[in-house]
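Okay, here's what each chain looks like letter by letter:
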Amino acid sequence: MGFAEQVALAKDTAFRDRVRMAAITAAVNVAGEAQSTLSSAAYHKRQVLATRVLTNAGSGAQGDVLDMFAWAVAQNAAITGASTDSDIQFTVNAIWSDCAGVHALD
């Protein structure tokens, strides 16, 4: 998939709705996770993003977060409009820390 198709996908309303649901699902899981092996900084950043997603889950206020996830998921060339929900969920889960701003030094 080329960039033009990825841009169209990131802007597609049906795709964005699916990504929103995947982000909400991931947020519920992250909100309930134990710190475990995560550093305090990484854990905090992941929790802040989870709270942000859940607090604004059904409102237009989630726009910036939804944009971030829609574009980040669409950048995966393996994801298309025909991708399964589980593929979209896997991608959201895989990029959660990146979207939360967790870096190698955290």
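Given the structure is predicted, the values throughout are model-derived calculations rather than measurements.

Engineer: Please explain helix H3 (residues 40–55) as it appears in this structure.
Structural biologist: The α-helix advances 3.6 residues per turn, and as a result positions three or four apart in sequence lie on the same side. Here H3 spans 22 Å end to end across 16 residues, near enough to the 22 Å set by a 1.5 Å rise per residue. Where H3 is concerned, the buried positions are Ala 42, Arg 46, Gln 47, Leu 49, Ala 50 and Val 53. The arc enclosing the buried residues of H3, seen along the axis, measures out at 160 degrees, which places them on a common side. Exposed residues lying more than 90 degrees from the buried face of H3 are Ser 40, His 44 and Thr 55.

Engineer: What am I meant to see in the packing of helix H2 (residues 13–31) against helix H5 (residues 85–100) here?
Structural biologist: Packed helices, taken two at a time, are described by the angle between their axes plus the distance between the axes. Two elements in contact, H2 and H5, have axes separated by 9 Å at closest approach and are oriented at 55 degrees. With respect to their mutual orientation, H2 and H5 come out oblique. Crossing angle aside, the handedness with which H2 passes H5 is right-handed. Side by side, H2 and H5 meet where Phe 15, Arg 18, Val 19, Met 21, Ala 22, Ala 23, Thr 25, Ala 26, Ala 27 and Val 30 of the first sit next to Asp 85, Ile 88, Gln 89, Val 92, Asn 93 and Trp 96 of the second. Grouping the amino acids of the contact of H2 with H5 by side-chain chemistry returns eleven nonpolar, three polar and two charged.

Engineer: For this particular structure, what's the right way to read the side chain of Arg 46?
Structural biologist: By secondary structure assignment, the location of Arg 46 is in helix H3. A polar atom in the side chain of Arg 46 sits 2.9 Å from the side chain of Glu 33. Apart from the residues lying within four places of it in its own chain, the contact partners of Arg 46 are Val 30, Glu 33, Leu 38, Trp 96, Ser 97, Ala 100 and Val 102.

Engineer: What is the right way to read the packing of H3 against H5 from this model?
Structural biologist: Between H3 and H5, the shortest axis-to-axis distance is 8 Å and the interhelical angle comes to 100 degrees. What the angle tells us is that H3 and H5 run roughly perpendicular. Contacts from Lys 45, Arg 46, Leu 49, Ala 50 and Val 53 of H3 reach H5 at Trp 96, Ser 97, Cys 99 and Ala 100. Looking at the contact of H3 with H5, its residues break down into six nonpolar, one polar and two charged.

Engineer: What's the story with helix H1 (residues 3–11) in this structure? I'm lost.
Structural biologist: Where H1 is concerned, the buried positions are Gln 6, Leu 9 and Ala 10. Taken down its axis, H1 places every buried residue within 95 degrees of arc, on the same side. Across H1 from its buried face, at more than 90 degrees, point the exposed residues Ala 4 and Lys 11.

Quick notes on the rules
Residues numbered from 1 in each chain as written. Predicted model: local features only at pLDDT ≥ 70, side-chain atom pairs only at ≥ 80, totals over all residues. Heavy atoms only, no water. Helix = DSSP H or I, 4+ residues; strand = E, 2+ residues; numbered from the N terminus. Expected span 1.5 Å × (residues − 1). Buried < 20%, exposed > 50% of the residue type's maximum accessible area, 1.4 Å probe, protein only. Arc of directions from axis to C-beta. Axes fitted to C-alpha atoms, helices over the stretch in contact; angles between N-to-C directions. Parallel < 35°, antiparallel > 145°, perpendicular 65-115°, else oblique. Left-handed = near helix turned anticlockwise from the far one by under 90°. Contact = heavy atoms within 4.5 Å. Nonpolar A, V, L, I, M, F, W, Y, C, P; charged D, E, K, R; others polar. Polar contact = N/O pair within 3.5 Å; in protein donor to acceptor, adjacent residues only side chain to side chain.

This is a description of form; function is not addressed.
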